[in-house]
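So the chains spell out like this:
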Amino acid sequence: LFAELASHQINAANWFLGSAPNAVTASGGIYRFNDGREVPDHIYAMWEYPGGRTVTYSSLESNALENRYEVFFGTKGTLLVRNENEALLFEEGSAAARQTGVAVSPREGVAAAEASETRPGNTAAASAAGAAGTTTNAETPAAPTGRPPATRQEISRFCAAVRVGTPVACGPYEAMHSARACIRGNEAIQKKMRLDV
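Residues numbered from 1 in each chain as written. Predicted model: local features only at pLDDT ≥ 70, side-chain atom pairs only at ≥ 80, totals over all residues. Heavy atoms only, no water.

### Let's talk about the sheet that holds strand S7 (residues 195-196)
To keep it simple, the criterion reads: At least two bridges found by DSSP between two strands are what make those strands a pair. Comment: elements are numbered from the N terminus, with helices defined as DSSP H or I runs of at least four residues and strands as E runs of at least two. The criterion used for residue contact is that any of the two residues' heavy atoms lie within 4.5 Å. Every angle, taken between N-to-C directions, lies between 0 and 180 degrees, and every axis is a line fitted to C-alpha atoms, over only the stretch in contact when it is a helix.
Ordered in space as S3-S2-S1-S7, the four strands form an open sheet in which the pairing is antiparallel. Strands at the two margins of the open sheet, each flanked by one partner only, are strand S3 (53-60) and S7. By the bridge criterion, two bridges tie strand S1 (residues 23-29) to S7 in an arrangement that is antiparallel. What sits directly across from Ala23, in S7, is Asp196. Here helix H1 (residues 2-17) sits on the sheet and contacts S1, strand S2 (42-49) and S3; the angle it forms with S2, its principal contact strand, is near 25°.

Put into structure tokens, the structure is as follows:
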């Protein structure tokens, strides 16, 4: 889970914080798939960054409620980035900060609501825009607003790097930091101790 999933979140954290972790504490185990495998299906980690900053990560194979997201907690606010294409910013301690609240009505058998300030609502304009979009496969519909899914953006940037030399946002140097952090995370689980990265 560190290599498959956490590596992406570590890349995002390293980019956001402008540095790489220097230590990790982690735990985990095999709690769902007791079929002889040796790789943990639940992992929890805390990476330490310069300046007293920390990044915590968890991945649970036994619960599918939440998808992938990053939350950055700071003294000026909280930034929530979901699925690489939605962002919510909550200001900290400002009297002028907009209050956020949700009212929920009971509903049987399904989630009452899922909404985002950054995603178009169920409006006529959004429906018309959605009808104009195309689908590349069953899992990745094209964004009707002209903003392609994150994976398509990554492939496009990689192709531009190959074709015309456009710098990549996450090159081998950044990948090395992510790989090192994830390898040390696995080792921290095995050794049950805090390790330098």
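### Description of the sheet that holds strand S5 (residues 77-82)
Neighbouring strands of a sheet are bound in pairs by backbone hydrogen bonds; such pairs are parallel or else antiparallel. Judged by pairing direction, the sheet is antiparallel, and its three strands sit side by side in the order S4-S5-S6 without closing on themselves. Of all the strands in the sheet, the pair left with one neighbour each is strand S4 (69-73) and strand S6 (86-91). When the angles between neighbouring strand axes are averaged without regard to direction, this sheet yields 10°. For S4 and S5, the ladder comprises five bridges, and the chain directions are antiparallel. Paired with Val71 across the bridge in S5 is Leu80.

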